[in-house]
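# Structural description and commentary
Okay, here's what each chain looks like letter by letter:
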Amino acid sequence: MIVTPEQLKITRKEWECYIDTPDDVIEQVNMELLSILNSSTSPRWAQKRIYDFFEKNNYMEHGFLDSECMQMATNAINKYYNSSIDRWESVTLR
């Protein structure tokens, strides 16, 4: 996993999304996550925005709302912000 303000690269294996997820979907998710990380004001807000992105864009059909992908998104957030939020941190945000 590479997470910097300039680049976010999470592989299919690291995401643990469905094996038949097209490469362009993984690339699109990575690009959107980087954009969200760069434009969010806190780890909790980034997590909420990422989870909302997965849901609104129907990425659950590729497994991105499964626990493994949600944990990987949280790991990327923690690396970016040098934080230690858990996978459920943003659940109380409205």
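The coordinates are above.
Residues numbered from 1 in each chain as written. Predicted model: local features only at pLDDT ≥ 70, side-chain atom pairs only at ≥ 80, totals over all residues. Heavy atoms only, no water.

## Observations concerning helix α2 (residues 23-39)
Here α2 is 17 residues long and its end C-alpha atoms lie 25 Å apart, about the 24 Å a rise of 1.5 Å per residue gives. The complete set of buried residues in α2 reads Val25, Ile26, Val29, Asn30, Leu33, Leu34, Ile36 and Leu37. (Helix = DSSP H or I, 4+ residues; strand = E, 2+ residues; numbered from the N terminus. Expected span 1.5 Å × (residues − 1). Buried < 20%, exposed > 50% of the residue type's maximum accessible area, 1.4 Å probe, protein only.)

## Structural notes on the state of the cysteines
What the rule picks out here adds up to 0 disulfides. We note that Cys69 lacks a disulfide partner, and the nearest cysteine sulfur, in Cys17, lies 5.4 Å from it. (Disulfide = S-S within 2.5 Å.)

## Structural notes on the packing of aromatic side chains
Within the structure shown, the criterion is met by 7 aromatic pairs. Geometrically, the ring pair formed by Phe54 and Phe64 is tilted, given 5.3 Å between the ring centres and 35 degrees between the ring planes. Residue Phe54 is found in helix α3 (residues 43-56), and its partner Phe64 is found in the loop between α3 and α4 (67-81); the two are separated by 10 residues along the sequence. Given a relative accessible area of 0%, Phe54 falls into the buried group. Given a relative accessible area of 0%, Phe64 falls into the buried group. Ring geometry for Tyr80 against Tyr81: centres 5.0 Å apart, planes inclined by 70 degrees, an arrangement best described as edge-to-face. For Tyr80, a relative accessible area of 22% translates into the label partly exposed. By relative accessible area, Tyr81 is classed as partly exposed at 23%. Linked through ring pairs, Trp15, Phe53, Phe54, Tyr59 and Phe64 together constitute an aromatic cluster. (Phe/Tyr/Trp six-rings, centres within 6.5 Å; stacked < 30°, edge-to-face > 60°.)

Purely spatial values, then, with no claim about function.
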